[in-house]
Amino acid sequence: MTFTEASTVELLIRDLLCGAVTHHTAVGAGFARKSGKLAGLGWHYLAPANIPRQPHEVFIEDWIRDALIRLNPEIAAVPDRADEVLYKLRAIVLAVRSDGLLKANEELTAWLRGDRSMPFGPNHEHVTVRLIDFERLENNQYVVTNQFTFLAGPAERRADIVLLVNGLPIVLIEAKTPVRHAVSWLDGALQVHDDYEKNVPELFVANAFSVATEGKELMYGAVRMPVNLWGPWRGEDEATPGTLAGLKAAVSGLLRPAVVLDILAHFTLFATDKKKRRIKVVCRYQQYEAVNLIVQRVLIGKPRKGLIWHFQGSGKSLLMVFAAEKLRLQPVLGNPTVIIVVDRIDLDAQISSTFHASDVPNLVKAETREDLQRLLKQDTRKIIITTIFKFGEAEGVLNDRGNIVALVDEAHRTQEGDLGMKMRAALPNAFLFGLTGTPINRRDRNTFYAFGAEEDARGYMSRYGFEESIRDGATLKLHFEPRLVDLHIDKAAIDQAYQALTGKLSDLDRDNLAKAAAKMAVLVKVPERVQKICEDIARHYQDAVAPNGFKGMVVTFDQECCLLYKAALDKLLPPEATEIVISATGSDERFKPYARSRDEEEKLLDRFRDANDPLKLLIVTAKLLTGFDAPILQVMYLDKPLRDHSLLQAICRTNRTYGDKKTHGLIVDYLGVFDDVAKALEFDEKGFRSVVGNIEGLKAQLPEAMQKCFAFFPGVDRTQTGYEGLMAAQECLPNNDVRDAFAAEYSVLGKLWEAISPDPMLLPFEVDYRWLTQVYVSVQPTSGTGKLVWHALGAKTIELIHQNVHVDAVRDDLETLVLDAELLDAVIGSPNPKKRAKEFEIKLTARLRKHMGDPRYKALSERLEALKERHEQGLENSVEFLKQLLELARDLVRTEKDTPPEEDEDRGKAALTELFQQVKNEKTPVMVERVVADIDGIVRLVRFPGWQNTAAGEREVKQALRKSLLKYQLHQDAEIFKRAYGYIRQYY
């Protein structure tokens, strides 16, 4: 028996949701309440044939009508009013293609949450319309069905599982097979995001979230959310992730009716991102758990405090938004006040922007101490954002109500001192919840006293640490790399300087340590040292970071160092590539050019976040080390003594996820801060060391990762090039399971290579790594399936391959073979049909790979994959396999002949035009057509057939492109060059 998605994952999920499945044939108004105890998680299964709908209908209108009458007395009095509501709902669905899916989903979500009204009251007064009962959940009807077919014009799609609440499709689940290495939840998520949402958007108008799983990982995301932002749900049950038991825990946690409706009502936001685009956000599981713990504690009334540690970058700002909104919606709290307290201006700006972007109602900001005191004395019942410093002049009690809830961000710092005492005195009966992104270290035990409740194990009410965050993909691991050891400064001087920076010292100690710090300031600014470090930064950034499209931050000892580093870097990089960000508040004239308003600074930081902007490195000393969020930032060049919270917060600027290529954050340490990691990060938490991994440790892992890959090829002669050598390697990977296992090992090796490159230690491994890469690419499915394991090659690996003759060291004589094979003897009479078939297969795969991404060749690629699988399973003998390959080769050659080469080049010109339209600015007042025409003309001159497969050809074309860009002063932008070259390589 073969395990399939239908027989394993889909059936398991259905049984978990419904318990032992009873095949109901109909559903009526009281269906959900008929049995006193609901089976499974509380859903009832109905086969698709028993659901009263046509394939082109999104809603089950009979059930919605029943719910409207059941939940709304005004509609029950005049049942025809249900049709008026249905008309409104249908109109939203009909407008989805013109308005866009997000707008339609936002509007229908408002209806689902009870935020819309109709004139059904006395004298046509507007009354709230309820489609779902969020207070008495048993009043709703919960149905699960599978193979839910939806037809929109010519487009028909079939969802594996759909969850319906009162006839509205709230959740869509896409299940994949659990028994193939290369098929993962990602395939299901991409199917939802790239296919279903685009081709049948009507099906998602009522969607709360979608789920994808292959039986190992369960991931979920909102409509139009990029799949790399989908998150896992971890159940309370400590089941092992990656197993069916883990899936069971996740389904039981996420897909209970109560949780689904709670997420819909309280944990869903529609926000505006930095690029003014509308986005939908649903909570991650750690936010859901922490918020509900806060709300439960406030509703019960005790204990009146709690400490929440959620690792840097795992979404604390959104956690506070969800908590504030849910608290404000609790009727029993009697219109509470929620105060968001931060301890820095930059955090204030970050959290304020998160709240404002999320359109949170009843939000005010206390800009001054007077504002805060007035708002509290006037008994304002809203969400108030303020800084801890604004409590500094508060005298006595400002408000003694018991329904005030303070959410205090970065609770390990100033909240423990005099300001924290002032805040507690001003709000004597408030609930106080402390949030921190860093663990509490041994010197900060009073943070536990200030916020930790005795009832909470280990002092934390909610803990989401390093390991969990990295495991879930919410943040990335950090690697650190010690550099220029000969320039490291005396260790004692660093320790003293650090102590000087921490304060809390006697006057005499402070004087002595100020002298030590001054001595260190002289040491770090030695011109030779500054020059060497800046040369290293420029070289490292251009070699290791820029090729992947990431950016960096340089952290210097003080503001004067910022100026010195900027001057040195300007001689090594274009001046527009770097910018200083400091608090230029003193009287020193040298810093005046860097005094910016908050708006000016935010515009600068938005430029840094933009991949196409020439600004690549920010030079800072104190600013941006907390609260600054720029996922494109991968590397921090650290030349400042930092420890504990300050260090962890700073280095975690680099740990945000950003596309597939960013696998880790990187800290390049010029000061020896990490010479002793345990001392640098002195926390009680045992697991904290997993957050940082030394590059030296990665280097030690490389030989073993190589050997694991080579274990697949015993006895293969790696010096044999061309078709024979590739064929010998492929024979060691006889079927999908072995190929996928090799791909998994190669994936580990590829990530190590990308992290370590361009370190010279890789040189002895280059030839072997190139060979493995060529084999990997040669067996990679041309249909593009299995995107989780069969990952795209990294930029540094591609560069390594491009420096040499290309992967397919196979003569491309497919047309000749096709003509040969027209003679039956060439097929049937072949002395070795197996070898002949393998030759055909390799050439077909290589040829199809050239057309990856072109939809005209997708069906041919899928045909080849299916054919190979049938042959591997013994369903096709070698002669039959060869015949089928011949037929496929004929179709491929025919398709290529029907695709004129100039059409490809027209697509190339179109892609280049789009690129230069994006990067056009006031400094390039040229006609975009001229730039593209110049590049097109010069590339046509220097190229030759197969130029992509030779080092000389690539060199010529790159030189031609640089010459064209130089003419328009665009030659210094590495991103433009990289993207333009990519298009040329693909289309010319």
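Scroll up for the structure.
Residues numbered from 1 in each chain as written. Predicted model: local features only at pLDDT ≥ 70, side-chain atom pairs only at ≥ 80, totals over all residues. Heavy atoms only, no water.

### Observations concerning the overall build of the protein chain
Moving on, step 1. When helices and strands are counted, the protein chain shows 37 helices and 25 strands.
Moving on, step 2. Looking at the protein chain residue by residue over its 988 residues, the buried ones come to 56%.
Moving on, step 3. Put simply, 73% of the contacts in the protein chain that link residues at least 6 apart link residues at least 24 apart.
Moving on, step 4. Carbon and sulfur atoms make up 53% of the accessible area of the protein chain, which totals about 41,900 Å². (Helix = DSSP H or I, 4+ residues; strand = E, 2+ residues; numbered from the N terminus. Buried < 20%, exposed > 50% of the residue type's maximum accessible area, 1.4 Å probe, protein only. Contact = heavy atoms within 4.5 Å. Areas by Shrake-Rupley, 256 points an atom, 1.4 Å probe, with all protein chains shown as cover.)

### Notes on the pattern of salt bridges
Moving on, step 1. In total, this model carries 37 salt bridges according to the counting rule given.
Moving on, step 2. With a closest N to O distance of 2.7 Å, Glu 202 and Arg 97 form a salt bridge. Of the two residues, Glu 202 is situated in the loop between α7 (185-199) and β7 (209-213) and Arg 97 in helix α5 (residues 96-99); the sequence distance between them amounts to 105 residues.
Moving on, step 3. You can call Glu 202 buried: its relative accessible area is 11%.
Moving on, step 4. Between Glu 138 and Arg 136 there is a salt bridge; the shortest N-O distance is 3.3 Å.
Moving on, step 5. A relative accessible area of 42% means that Glu 138 is categorised as partly exposed.
Moving on, step 6. In the salt-bridge network here, residues are joined through shared partners; they are Lys 525, Asp 558, Glu 560, Asp 588 and Arg 590. (Salt bridge = Lys/Arg side-chain N within 4 Å of Asp/Glu carboxyl O.)

### Describing helix α2 (residues 61-71)
Moving on, step 1. Considered for burial, the residues of α2 that qualify are Trp 63, Ile 64, Ala 67, Leu 68 and Leu 71. Projected down its long axis, α2 shows its buried positions confined to an angular sector of 140°, all on one face.
Moving on, step 2. If you follow the buried residues of α2, they end up packed against α3 (73-77), α4 (81-94), β4 (142-152), β5 (155-165) and β6 (168-175). (Arc of directions from axis to C-beta.)

### Notes on the nonpolar core
It is characteristic of soluble globular proteins that their nonpolar side chains tend to be buried jointly.
Moving on, step 1. Of all hydrophobic cores here, the largest spans 129 residues; its most connected members are Leu 255 and Phe 355.
Moving on, step 2. Aside from chain neighbours lying at most four places away, what touches Phe 355 is Ser 317, Met 320, Val 321, Ala 324, Ile 340, Val 360, Leu 363, Ile 383 and Ile 385. (Core = buried A, V, L, I, M, F, W, Y, C linked by side-chain atoms within 4.5 Å.)

### Comments concerning the packing of aromatic side chains
Moving on, step 1. The tally for this structure, following the rule as stated, stands at 22 aromatic pairs.
Moving on, step 2. On the basis of an interplanar angle of 40° and a centroid distance of 5.8 Å, the ring pair of Trp 309 and Tyr 460 is categorised as tilted. Here Trp 309 is found in strand β12 (residues 305-310), whereas its partner Tyr 460 is found in the loop between α15 (445-451) and β18 (462-464), with 151 residues between them in sequence. Side by side, Trp 309 and Tyr 460 carry an identical accessibility label, which is buried.
Moving on, step 3. One aromatic cluster is present, formed by Phe 710, Phe 712, Phe 713, Phe 742, Tyr 746, Trp 753, Tyr 769, Trp 771 and Tyr 776 through successive ring pairs.
Moving on, step 4. Taking NZ or CZ as reference, Arg 14 lies 4.3 Å from the ring centre of Tyr 45, over its face.
Moving on, step 5. In this structure, Arg 718 packs its charged tip against the face of Phe 710, placed 3.8 Å from the ring centre. (Phe/Tyr/Trp six-rings, centres within 6.5 Å; stacked < 30°, edge-to-face > 60°. Lys NZ or Arg CZ within 6 Å of the ring centre and 35° of its normal.)

### Here's the deal with the environment of Leu 261
Moving on, step 1. Checked against the element boundaries, Leu 261 lands in helix α9 (residues 257-266).
Moving on, step 2. With relative accessibility at 2%, the residue Leu 261 sits in the buried group.
Moving on, step 3. With 96 residues separating them along the chain, Leu 261 and Val 165 place their C-alpha atoms 9.2 Å apart.

### Some remarks on the sheet that holds β4
Moving on, step 1. Across the sheet, which stays open at both edges, the seven strands sit in the order β1-β4-β5-β6-β7-β8-β9 with mixed pairing between neighbours. The sheet terminates laterally at β1 (44-45) and β9 (231-232), the two strands that pair on one side only.
Moving on, step 2. When β5 meets β6, the two strands line up antiparallel, connected through five bridges. When the bridges of β6 are listed, Leu 164 appears paired with Pro 169. (Pairing = 2+ DSSP bridges.)

### Overview of the sheet that holds strand β16 (residues 404-409)
Moving on, step 1. Taken together, the seven strands give an open sheet; going across it, the order is β14-β15-β13-β16-β17-β12-β18, and neighbouring strands pair in parallel fashion. Two strands in the sheet have a free side with no partner beyond their single neighbour: β14 (363-365) and β18. The sheet shows a mean angle of 15° between the axes of neighbouring strands, direction not considered.
Moving on, step 2. Sitting on the sheet, helix α10 (residues 285-300) is in contact with β12, β16, β17 (431-436) and β18, with an inclination near 175° to β12. (Axes fitted to C-alpha atoms, helices over the stretch in contact; angles between N-to-C directions.)

### What about helix α27 (residues 766-779)?
Moving on, step 1. The end-to-end C-alpha distance of α27 is 20 Å, a good match for the 20 Å that 14 residues give at a rise of 1.5 Å each.
Moving on, step 2. Counting buried positions over the 14 residues of α27 gives eleven, a clear majority of the element.
Moving on, step 3. Along α27, the residues classified as buried are Tyr 769, Arg 770, Trp 771, Leu 772, Thr 773, Gln 774, Val 775, Tyr 776, Val 777, Ser 778 and Val 779. (Expected span 1.5 Å × (residues − 1).)

### A look at the pairing of strand β8 (residues 218-221)
Moving on, step 1. The alternating pattern of β8 places Leu 218 and Tyr 220 on one face and Met 219 and Gly 221 on the opposite face, and all of these are buried.
Moving on, step 2. With four bridges joining them, β7 and β8 adopt antiparallel strand pairing. Looking at the pairing, Ser 210 lines up with Gly 221 of β8.
Moving on, step 3. Hairpin connection of β7 to β8: four residues between the antiparallel strands, including Gly 215 at a positive phi of 90°.
Moving on, step 4. Where β8 meets β9, two bridges bridge the pair, whose relative direction is antiparallel. Bridged to Met 219 within β9 is Pro 232.

### Concerning the packing of α4 against helix α6 (residues 101-112)
Moving on, step 1. Viewed as axis vectors pointing N to C, α4 and α6 meet at an angle of 160°, and their least axial separation amounts to 9 Å. Taken together, the axis directions place α4 and α6 in an arrangement best described as roughly antiparallel. The way α4 lies across α6 gives a crossing that is left-handed. Side by side, α4 and α6 meet where Val 85, Lys 88, Leu 89 and Ile 92 of the first sit next to Ala 104, Glu 107, Leu 108 and Trp 111 of the second.
Moving on, step 2. In the contact of α4 with α6, the residues fall into six nonpolar, no polar and two charged. (Parallel < 35°, antiparallel > 145°, perpendicular 65-115°, else oblique. Left-handed = near helix turned anticlockwise from the far one by under 90°. Nonpolar A, V, L, I, M, F, W, Y, C, P; charged D, E, K, R; others polar.)

None of the figures reported here should be taken as evidence of function without further support.
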